[in-house]
Amino acid sequence: MTSTDQSPARPFGAVGTAMVTPLTEDGHAVDLDAAQQLARHVVEHGHDMIVVSGTTGEAPTLTDVEKLDLARAVREAVGPEITVIAGVGTYDTAHSIDLAREHAKLGVDGLLVVTPYYSKPSQAGVIAHTTAVADSTDLPVMLYDIPGRSGIPLAYETILRLGENPRILAVKDAKGDLQQASRVMERTDLAYYSGEDALNLPWLSIGAAGIVSVVSQVSGDVEKAMIEAVDRSDLVAARAAHHRLVPVVEAIMGHMPGAVAAKAALHLQGVLPHAAMRGPHVPADQDQVRALAAALEAAGLL
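Values in this document were obtained by computation on a predicted structure and should not be read as measured data.

## What about the sheet that holds strand E1 (residues 15–18)?
Read once around its circumference, the closed barrel built from eight strands follows the order E1-E2-E3-E4-E5-E6-E7-E8, with strand pairing classed as parallel. Recorded for the sheet is a direction-independent mean angle of 25 degrees between the axes of neighbouring strands. Sheet analysis places E1 next to strand E8 (residues 210–213), joined by three bridges and oriented parallel. Residue pairing in the sheet places valine 15 in a bridge with isoleucine 211 of E8.

## Examining the packing of aromatic side chains
This model, assessed by the stated rule, comprises three aromatic pairs. Their ring planes at 75 degrees and their centres at 5.2 Å tell us that tyrosine 91 and tyrosine 117 sit as a pair that is edge-to-face. Here tyrosine 91, found in the loop between strand E3 (83–87) and helix H3 (93–104), pairs with tyrosine 117, found in the loop between strand E4 (110–114) and helix H4 (123–134); they are 26 residues apart in sequence, far enough to count as distant. Judged by relative accessible area, which is 25%, tyrosine 117 ranks as partly exposed. It is arginine 183 that lies over the ring of tyrosine 156; its NZ or CZ is 3.7 Å from the centre.

## A look at the nonpolar core
Met19, Ile50 and Ile252 are the most contacted members of the largest nonpolar core, which has 85 residues in total. Once residues lying within four places of it in the same chain are set aside, the contact partners of isoleucine 50 are Thr17, Met19, Ala39, Val42, Val43, Val74, Val78, Ile82, Thr83, Val84 and Ile85.

## Here's the deal with the UniProt feature "active site" (unreviewed entry) in the protein chain
This chain's UniProt record puts "active site" (unreviewed entry) on Tyr144 and Lys172. Annotated residues spanning 29 residues; largest pairwise C-alpha distance 4.8 Å, indicating a single compact cluster. Mapping tyrosine 144 onto the fold places it in strand E5 (residues 141–145). Once residues within four sequence positions are removed from consideration, tyrosine 144 is found in contact with Thr55, Leu112, Val113, Val114, Thr115, Lys172 and Ala174.

## Quick notes on the UniProt feature "site: Part of a proton relay during catalysis" (unreviewed entry) in the protein chain
Mapped onto this numbering, the UniProt entry annotates "site: Part of a proton relay during catalysis" (unreviewed entry) at Thr55 and Tyr118. Sequence-wise these annotated residues cover 64 residues; spatially they are packed, their C-alpha atoms never more than 14.2 Å apart. For threonine 55, the location among the structural elements is in the loop between strand E2 (49–52) and helix H2 (64–78). A residue is classified by how much of its surface remains accessible, and threonine 55, at 28% relative accessible area, is partly exposed. The contact partners of threonine 55, leaving out residues within four places of it in the chain, are Tyr144 and Arg149. By secondary structure assignment, the location of tyrosine 118 is in the loop between E4 and H4. Residue classification places tyrosine 118 among the exposed residues on the basis of a relative accessible area of 72%. Excluding anything up to four places from it in sequence, tyrosine 118 contacts Tyr91 and Ser150.

## Re the pattern of salt bridges
With the rule as written, the count across this model stands at 11 salt bridges. Note that aspartate 69 and arginine 72 form a salt bridge whose closest N and O atoms lie 2.8 Å from each other. With a gap of three residues between them, aspartate 69 and arginine 72 both fall in helix H2, about one helical turn apart. Overall, the relative accessible area of 28% leaves aspartate 69 in the partly exposed class. Among the ionic pairs, arginine 232 bridges to aspartate 234, the shortest N-O distance being 3.6 Å.

## Section: the pairing of E2
Covered by surrounding structure in E2 are Met49 and Val51 together with Ile50 and Val52, the residues of both alternating faces. Here E1 pairs with E2 via three bridges, running parallel. Bridge pairing links glycine 16 to methionine 49 in E2. Regarding the hand of the β-α-β motif, the stretch spanning E1, helix H1 (residues 32–44) and E2 is right-handed. Summarising the sheet, E2 and E3 pair through four bridges and their orientation is parallel. When the bridges of E3 are listed, valine 51 appears paired with isoleucine 85. Between the parallel elements E2 and E3, the chain passes through H2 in a crossover that is right-handed.

What counts and how
Residues numbered from 1 in each chain as written. Predicted model: local features only at pLDDT ≥ 70, side-chain atom pairs only at ≥ 80, totals over all residues. Heavy atoms only, no water. Pairing = 2+ DSSP bridges. Helix = DSSP H or I, 4+ residues; strand = E, 2+ residues; numbered from the N terminus. Axes fitted to C-alpha atoms, helices over the stretch in contact; angles between N-to-C directions. Phe/Tyr/Trp six-rings, centres within 6.5 Å; stacked < 30°, edge-to-face > 60°. Buried < 20%, exposed > 50% of the residue type's maximum accessible area, 1.4 Å probe, protein only. Lys NZ or Arg CZ within 6 Å of the ring centre and 35° of its normal. Core = buried A, V, L, I, M, F, W, Y, C linked by side-chain atoms within 4.5 Å. Contact = heavy atoms within 4.5 Å. UniProt positions renumbered as here; feature names shortened; annotations may be inferred. Salt bridge = Lys/Arg side-chain N within 4 Å of Asp/Glu carboxyl O. Right-handed = clockwise from strand over helix to strand, strands pointing away.

Laid out in structure tokens, this is it:
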């Protein structure tokens, strides 16, 4: 295999995790000490990017104060070398702008802006909303295209329009439309990040910059090895890493919400003191935990 590095441009890094938000055991408060310990843990295991207050971080259940405290704590824990991105997108443009501006004061490196969920605006509305949020600070923006949760996808023409904004640098794709992404990458400088763990290797193979992964917080070293293998055009090694993670991806993403499974897995690994959730989520049950433990053990991660 050639050793030539074929890595694409990476405005936010390569190995990112959609970090869970550790809570106190009763679920009533964010456990900032545990969040800092988790952030340092993922950095020690190959990550150069952390996304806080995303879907896996239970963002819809966090107050604005909790989101800001979490971003501040993680920024402090990992130092300036690690990219910290804060999820600020909501279904309310004014609220999203307020969150963006407040997070910008904390020294985060970028903003994750999800397509407005529940409201289901037109594509013109999506453009207006996203542009307003992007223009509210000087921070770079990663779009978050996840129609399974937002109710609407980012259309091809919408992505091209948004890509003209100098602050919008990347797309986290949880839509799985590799053909659309290939067309966008051909026409723009937007970087793509895989937002669907089962498709991490396919995304990387067509030129994605990296991943923003749920599973990686329990398997960061393997994810990093896969990305490095793709960069050096070593498909055999990349496939080996991908196949090693197949049972883990299935266990974490296939049978319960990713946030629930990721917290349970981190608890099994001894990284989190417990796996408390905030409603409407409930913790994994005993059968789910046993299945998770078997998958982690099979992958050598327990």
